[in-house]
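Chain residues, written in single-letter form:
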Amino acid sequence: MPMLERADWYDIARDTNWTPKYVSQEALFPDVMTGAQGVPMAQWQSYDEPYKTSYPEYVRVQREKDAGAYSVKAALERSNIFASADPGWHSILKAHYGSLAVGEYAAMSGEARMVRFGQAPGMRNMATFGMLDENRHAQLQLYYPHDLVSKDRQFDWAQKAYHTNEWAAIAVRHTLDDLFMARSATETAIMLTFAFETGFTNMQFLGLAADAAETGDYTFASLVSSIQTDESRHAQIGGPALEVLIANGRKAEAQKLVDVAIARTWRLFAILTGPSMDYYTPIEHRKQSFKEFMQEWIVGQFERSLIELGLDLPWYWDKMIAEFEFQHHAYHLGLWFWRKTLWWNPAAAVTPECRAWLEEKYPGWNDTFGKCWDVITDNLLAGREDLTHPETLPVLCNMSQIPICAIPGNGWNVKDYPLDYEGRTYHFNSEIDRWVFEQDPVRYRDHMSLVDRFLAGEIQPPTLAGALAYMGLSPAEMGDDAHKYAWADAFRPDPLAKSAA
Amino acid sequence: MALFPVISNFQYDFVLQLVPVDTDNTMDEVAAAAAHHSVGRRVAAQPGKIVRVRRQGGADFFPRAMRLGETDIKPMETLEFIFCEA
Ligand SMILES: [Fe+2]
Ligand SMILES: [Fe+2]
């Protein structure tokens, strides 16, 4: 019997709308869960997913992808690639796994909400595959690092990070909760798949796969490319949802969701991808600076997709682009200085050669961030490592949960952006973070940053050591300089002085 | 006498920091407490200069001998610490 082409039956087969008899439409699809913004179900019929696949096709392709990734892993199991890679590369892997693996599991729940409450049959169908994708991503990214725990127990944080009160883990959780764990189906489509995935993670995974191949870590390269092919498919759920909202007079609402989601996503990228690209990646493997990457992919590509959909650029677009120059340098300095609070070992990457690269990519770096690193370097050369550690907590942004920081030295522009709301003062890193809070204060007001908890007496004893214990970091897991300060030796004037110090 | 947390925004440093001080502290003592977490760690010392305290965005410095308890500074207010001629 001849088989029909997919295009001949797909629309009918995936159209699972029906008229409920036993409950009302509103009870079946409450607006709080659908996020349809009052756009009636009939209007959602025009939702047209750009990527169409059937269940048998999906299973066949996914099976091949899994087999491919696992066979590369098995083939390279006994190779020496991991041991011979630069410690900076290990740090990229640890930061990546810990901040994302369990987040993928959470994303499965976000996709499931679209499966159940999506207003368009096409959205529900694509999200079904998206849900299975995210399950696969969680499993892969928990399994791969598990093998590395015996070599280096910081890899245990792939499993552990989300279950602790470590500050970077709180920052990631707070953001992902906001983007998709505590959002309706339509909001998840826009904030998770359109803003977070199309705008950022899809690019991030492409870039990571290339870096891994360049470093010789083919296991990770094949893992990440395998995930990225899923990502580029299910990231397309949001676009048609935006089209439906805009066509039905909900552009302002759609724009706000996009603006909030990009603002939040940008912070995570700046703190995770920024230091990875400009510092942790050994200089000989760097192809682009983080700023160049953001200019090309986010400004160049994503800006175009916003305009094509009929959206405006977020009001803060120029401010965000200005941050490409400095925010991740500040985050890097903070990560390194408070390195004992991390589950990875940040690579300082400020040798004379690295500083020349930074100065070339970011003119003025030596006169600003370089000034802080000068003091740090001098302390290390003088045998005063103790002064390269903090004795207090940084103040955390009440939106991003990341230290409030900016340009030091001769470009000093650090500033608090406070807001008084219902008797409490909130502190923010920028006008953008404060604006996000103001869009929905009730949503955000009760969250306590780690510093708020410290001041409320929730962290005992109220010392830096007490804070480290609260964050769940055992002494063997706490971060340290990735290269054990070897980089500072390059600044010693006389090579003979090395042994004397 | 009461423990009093303020936020230090120290000139030439890159980050806001929590600094616990006391209502009995003078502004010079508050400045010294803030300097402990910035100067010599990420900010170079400036011998011969003193550090003065003002509100974020404020034009005037608080008098050096004024006690924190005598000012209208609120707990967890962001203060700027600026190098000045002695
Ligand atoms: Fe994923
Ligand atoms: Fe995804």
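Above this text is the structure in question.
Residues numbered from 1 in each chain as written. Chains lettered and ligands numbered in written order. Predicted model: local features only at pLDDT ≥ 70, side-chain atom pairs only at ≥ 80, totals over all residues. Heavy atoms only, no water.

(A) Highlighting the overall build of chain A. When its secondary structure is counted, chain A shows 23 helices and two strands. Relative to its length of 501 residues, chain A is compact, with a C-alpha radius of gyration of 24 Å against a globular reference of 23 Å. Each principal axis of the C-alpha distribution contributes one length, and for chain A these read about 85 × 60 × 45 Å. By the burial criterion, 58% of the 501 residues in chain A qualify as buried. Counted over contacts in chain A with a minimum sequence separation of 6, partners at least 24 positions apart contribute 77%. When the accessible area of chain A is evaluated, it comes to approximately 19900 Å², of which 56% is carbon and sulfur surface. Between the averaged position of the 45 positive side-chain charges in chain A and that of its 67 negative side-chain charges there is a distance of 3 Å. (Helix = DSSP H or I, 4+ residues; strand = E, 2+ residues; numbered from the N terminus. Rg over C-alpha atoms; globule rule 2.2 N^0.38 Å. Buried < 20%, exposed > 50% of the residue type's maximum accessible area, 1.4 Å probe, protein only. Contact = heavy atoms within 4.5 Å. Areas by Shrake-Rupley, 256 points an atom, 1.4 Å probe, with all protein chains shown as cover. Lys, Arg positive; Asp, Glu negative; His and termini not counted. Charge placed at Lys NZ, Arg CZ, Asp CG, Glu CD.)

(B) View of the overall build of chain B. Assigned secondary structure in chain B consists of one helix and four strands. For chain B, the succession of helices and strands along the chain, N to C, is β-β-α-β-β. In terms of overall size, chain B behaves like a compact globule, its C-alpha atoms giving a radius of gyration of 12 Å where 86 residues would be expected to give roughly 12 Å. Dimensions of chain B along its principal axes, counting C-alpha atoms only, are 30 × 25 × 25 Å. Residues classed as buried in chain B amount to 56% of the 86 residues present. As presented, chain B carries roughly 3700 Å² of accessible surface, and 55% of it is formed by carbon and sulfur atoms.

(C) Here's a closer look at the pattern of salt bridges. Residues and elements named next belong to chain A. One pass over the structure, following the stated rule, counts 40 salt bridges over all chains. Close ionic contact of R267 with D433 constitutes a salt bridge, the shortest N to O distance being 3.0 Å. Placement of the pair is R267 in helix α13 (residues 251-280) and D433 in helix α19 (residues 431-439), with a sequence separation of 166 residues. Like R267, the residue D433 is buried in the burial classification. Its salt-bridge partner being R445, residue D446 comes within 3.8 Å of it at the nearest N-O pair. (Salt bridge = Lys/Arg side-chain N within 4 Å of Asp/Glu carboxyl O.)

(D) Representation of the coordination of the iron ion (ligand 1). Residue and element names in this part refer to chain A. Looking at the iron ion (ligand 1), the protein donor atoms are E104 (OE), E134 (OE) and H137 (ND1), and they sit 2.0 to 2.2 Å from it. Along the chain, the residues donating to the iron ion (ligand 1) fall in the pattern E-x29-E-x2-H. Between the iron ion (ligand 1) and the iron ion (ligand 2) the interatomic distance comes to 3.1 Å, and E134 is a ligand of both metals. With E104 in helix α6 (residues 87-117) and E134 in helix α7 (residues 121-146), the pair connects residues that are 30 residues apart, well separated along the chain. E104 sits in the buried class, given a relative accessible area of 8%. The exposure class assigned to E134 is buried, which follows from its relative accessible area of 1%. (Donors = N, O, S within 2.8 Å, 3.2 Å for Na, K, Ca; no water.)

(E) Expanded view of the coordination of the iron ion (ligand 2). Residues and elements named next belong to chain A. Protein coordination at the iron ion (ligand 2) comes from E134 (OE), E197 (OE), E231 (OE) and H234 (NE2), with a distance range of 2.0 to 2.6 Å. Classification of the site at the iron ion (ligand 2) rests on its four donor atoms, whose angles at the metal span 85 to 134°, yielding the label tetrahedral. For the iron ion (ligand 2), the donor residues sit on a single chain with the sequence spacing E-x62-E-x33-E-x2-H. (Tetrahedral: all angles 85-135°; square planar, octahedral: opposite > 155°, others 65-115°.)

(F) Inspection of the state of the cysteines at higher detail. All names here are of chain A. Evaluation of the coordinates by the stated rule reveals zero disulfides over all chains. Note on C372: no disulfide assigned, nearest cysteine sulfur contributed by C405 at a separation of 11 Å. Residue C405 stays outside any disulfide, its sulfur separated by 9.8 Å from that of C397, the closest cysteine. Judged by relative accessible area, C405 falls into the buried class, the value being 3%. (Disulfide = S-S within 2.5 Å.)

(G) Representation of the interface of chain A and chain B within the structure. Contacts between the two partners involve 36 residues from chain A, matched on the other side by 23 residues from chain B. Both faces considered, chain A and chain B share a buried interface measuring about 2400 Å² in area, 64% of it formed by carbon and sulfur atoms. Broken down residue by residue, the surface that chain A buries against chain B is led by T392(A), V395(A) and W412(A), which jointly contribute 24%. Linking chain A with chain B are one salt bridge, by the criterion used here. Between R41(B) and E391(A) there is a salt bridge, and its shortest N-O distance comes to 2.5 Å. Elements that contribute at least two residues to the side of chain A that touches chain B include exactly α16 (327-337), α18 (369-381) and α21 (450-455) of chain A. Tallying contributions element by element places α18(A) first for the side of chain A that touches chain B, with five residues. Looking at the side of chain A that touches chain B residue by residue, the class counts come to 24 nonpolar, seven polar and five charged. (Buried area = accessible area lost by both parts, 1.4 Å probe. Nonpolar A, V, L, I, M, F, W, Y, C, P; charged D, E, K, R; others polar.)

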